Amino acid sequence: MTEKALKKQIVSLLQIGWRGRLIKIGYDETEKELKKGRKGFLIIATDIAERTKRNILRLKDFEYYQLFTKEEIGKYLGKKEVGIIFVPLNKFGLKLKGLIAQYKELERR
């Protein structure tokens, strides 16, 4: 699968996840999920403030992927800017995680 096709699938899944309330967006919502001890992973914008990233990861050493800019994520989800997304480790989350891993692998080449 091409990088472009993978990106399209990732964006599509993020949109489905947001509409279906499967994912949480923003620092506060993510923080709530982490404090509840929910299992999942984070998508962190590539241009997020280093301090914000450090603060959220301090709550729990979480697996995360840096993907897209805050503006791009916001545009995909119909928001202004989104810096952090919490994705639960359920069937949906595992599918998204697999696509992101493939995308990151292609990006590294």
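Whatever comes next refers back to the structure up there.
Worth saying up front: this structure is predicted, and the values here are computed from it rather than measured.

**Digging into the environment of Lys-60**
(1) Moving on: Tracing the backbone shows Lys-60 in the loop between α3 (50-59) and β3 (64-66).
(2) Moving on: Take Lys-60: its relative accessible area is 33%, and that puts it in the partly exposed class.
(3) Moving on: Counting along the chain gives 29 residues from Lys-60 to Glu-31, while the straight-line C-alpha distance between them is 9.6 Å.

**Observations regarding helix α4 (residues 70-77)**
(1) Moving on: Inspection of α4 places Ile-73, Gly-74, Tyr-76 and Leu-77 among the buried residues, and these make up the whole buried set. Around the axis of α4, the buried residues are gathered within 160 degrees of arc, so they sit on the same side. Among the exposed residues of α4, those pointing more than 90 degrees away from its buried face are Glu-71 and Lys-75.
(2) Moving on: Two residues or fewer past α4, Gly-78 is found with a positive phi of approximately 75 degrees.

**Some points on the packing of aromatic side chains**
(1) Moving on: In this structure the tally under the stated criterion is 4 aromatic pairs.
(2) Moving on: Seen in terms of ring centroids, Phe-62 and Phe-86 are 6.2 Å apart; in terms of plane orientation they differ by 50 degrees. Their pairing is tilted. Taken together, the positions of Phe-62 in the loop between α3 and β3 and Phe-86 in strand β4 (residues 84-88) put the pair 24 residues apart, joining distant regions of the chain.
(3) Moving on: Assessed through its relative accessible area of 1%, Phe-86 is described here as buried.
(4) Moving on: Considering the side-chain rings of Phe-68 and Tyr-103, the 6.2 Å spacing of their centres and the 50 degrees angle between planes classify their relative orientation as tilted. Of the two residues, Phe-68 sits in the loop between β3 and α4 while Tyr-103 sits in helix α5 (residues 91-108), which places them 35 residues apart along the sequence.
(5) Moving on: Take Phe-68: its relative accessible area is 6%, and that puts it in the buried class.
(6) Moving on: These aromatic residues form a ring-pair network of at least three members: Phe-68, Tyr-76 and Tyr-103.
(7) Moving on: One residue, Arg-21, lies across the ring of Trp-18, its end atom 4.6 Å from the ring centre.

Rules used in this analysis
- Residues numbered from 1 in each chain as written.
- Predicted model: local features only at pLDDT ≥ 70, side-chain atom pairs only at ≥ 80, totals over all residues.
- Heavy atoms only, no water.
- Helix = DSSP H or I, 4+ residues; strand = E, 2+ residues; numbered from the N terminus.
- Buried < 20%, exposed > 50% of the residue type's maximum accessible area, 1.4 Å probe, protein only.
- Arc of directions from axis to C-beta.
- Phe/Tyr/Trp six-rings, centres within 6.5 Å; stacked < 30°, edge-to-face > 60°.
- Lys NZ or Arg CZ within 6 Å of the ring centre and 35° of its normal.

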